Amino acid sequence: MQTDIVRVELGSRSYDVRIADGLIDRAGAEIAPFLRRRRAAIVTDETVGALHLARLQAALSAHGIDSTALALPPGEGTKAWPQFTRCVEWLLDQKVERKDLVIAFGGGVIGDLVGFAAAVLRRGVGFVQIPTSLLAQVDSSVGGKTGINAPQGKNLIGAFHQPTLVLADIGLLGTLTPRDFLSGYGEVAKYGLLGDEAFFTWLEKNGPALAAGDVAARQYAVKRSVEMKAEIVARDETEEGDRALLNLGHTFCHALEHATGFGDRLLHGEGVAVGCALAFELSMRLGLCSQEAPSRVRAHLRAMGMKVDIADIKGDLPSAEGLLALMAQDKKVVDGQLRFILARGIGESLVASDVPGDVVLALLTDALRGR
Ligand code: NAD
């Protein structure tokens, strides 16, 4: 199958996202033009490392590129100071210099953590994203947001640091667990919901084949998602305006992730899916969209076998007031006002900073009562 190339246009910091099945076998050829000397430091997680690292290193060495690798524990818990410190100190031990490249080889956790390490190492070294989860391919590897979590909340420590190149190998998605795959699908559906109804309609039709392993469908979904993200990021790199639309569902998601301990109870993309359903329900309650829109969102997520309602999250959760307080911690708060991404319909999102707190509270109360 052909390679799709999406250009992220950011002036001197522009870069390509290359998308193809089997791309990591060509990683040496793809990366070599960006290297000043033929060496690279790879950071991965233990799961991805065990499955795919040998193939990546073989592809690099076929082009005379020496590589060393560090594997961090898998999971969201890694995205915090202790593993971050370990990663930065390991990169210093590898004598990574200003003009060397660091390779982030893994899901969004690795991409965010390693990108942030690259941003601060020697005041900034280049890095290549080789995203291996669906979520990382369609979202976190593109756009330059890097960082780690703090006890006070998610992604509160970080930097904007754009990669030099992104290589998305569709074939690697084949080893994801169905749960991790579907979690990433939450972000894919988000793109249709926020700005492209035709894409959402395509997903309603092709989503099941995509989940079942159809590589062509996966490649199309990754390409379309990346195109949408690249276009928004090019317009608003540092989230002064339109980039906030990419946060559809995320204000709810971050509060739910916080409440469930940023772990296995609720994966990020699962929280995005639940958050999107809540954002459409809120939009309907505020009279912005018809009743049909949230029903269609929920029906598709349900058909894909995803978490849709707060009731699908196992275990205890805070009260509605508690969840609202967690939302107020979110970094999308501007001058103390909660910002929500709402919708006039499927594919028509908008940023709203004047949502009445009592409507949100009533929505959360009803959602928790459904449990
Ligand atoms: P993750 O990195 O934890 O990966 C999920 C799981 O899949 C892990 O256990 C990992 O080991 C495993 N995995 C990854 N690739 C695999 C493969 N090919 N085969 C088998 N297993 C594989 O999580 P994620 O869902 O990729 O990313 C979530 C993170 O991304 C969150 O921390 C979120 O905040 C962040 N994020 C960042 C941005 C951004 O713009 N920077 C955007 C969205 C999400």
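Below is a summary of the structure that appears in this document. Values in this document were obtained by computation on a predicted structure and should not be read as measured data. (Residues numbered from 1 in each chain as written. Predicted model: local features only at pLDDT ≥ 70, side-chain atom pairs only at ≥ 80, totals over all residues. Heavy atoms only, no water.)

1. Description of the site of the ligand
Here is step 1 of the chain: Neighbouring the ligand are 27 residues, the closest being D45, G108, T132, S133 and T175.
Here is step 2 of the chain: The contact in question runs from an oxygen atom of the ligand to an N or O atom on the side chain of E76, over 2.8 Å.
Here is step 3 of the chain: The contact in question runs from a nitrogen atom of the ligand to an N or O atom on the side chain of T175, over 2.6 Å.
Here is step 4 of the chain: For the ligand, the protein covers 90% of the area, taking 860 Å² as the surface of the free molecule.
Here is step 5 of the chain: Mapped onto the shell around the ligand, the elements with two or more residues apiece are helix 2 (46-61), helix 4 (108-120), helix 5 (134-140), strand 8 (153-160) and helix 6 (178-195). (Near = heavy atom within 4 Å. Polar contact = N/O pair within 3.5 Å; in protein donor to acceptor, adjacent residues only side chain to side chain. Areas by Shrake-Rupley, 256 points an atom, 1.4 Å probe, with all protein chains shown as cover. Helix = DSSP H or I, 4+ residues; strand = E, 2+ residues; numbered from the N terminus.)

2. Some points on the packing of helix 6 against helix 8 (residues 215-235)
Here is step 1 of the chain: Closest axis-to-axis distance for the helix 6/helix 8 pair is 10 Å, and the angle between their directions is 55 degrees. Between helix 6 and helix 8, the crossing angle belongs to the class labelled oblique. Between helix 6 and helix 8 lies a crossing whose hand is left-handed. Note on element contacts: helix 8 touches helix 6 through R218, A221, S225, M228, K229 and I232, opposite F181, V188, Y191, L194 and G195.
Here is step 2 of the chain: When grouped by side-chain class, the residues that make up the contact of helix 6 with helix 8 number seven nonpolar, two polar and two charged. (Axes fitted to C-alpha atoms, helices over the stretch in contact; angles between N-to-C directions. Parallel < 35°, antiparallel > 145°, perpendicular 65-115°, else oblique. Left-handed = near helix turned anticlockwise from the far one by under 90°. Contact = heavy atoms within 4.5 Å. Nonpolar A, V, L, I, M, F, W, Y, C, P; charged D, E, K, R; others polar.)

3. Some words on unusual backbone geometry
Here is step 1 of the chain: The phi torsion at K95 lies on the positive side, around 60 degrees, for a residue other than glycine.
Here is step 2 of the chain: Its place among the elements puts K95 in the loop between helix 3 (81-93) and strand 5 (101-106).
Here is step 3 of the chain: Phi at E239 is positive, roughly 60 degrees, even though this residue is not glycine.
Here is step 4 of the chain: Residue placement: E239 occurs in the loop between helix 8 and helix 9 (250-259).

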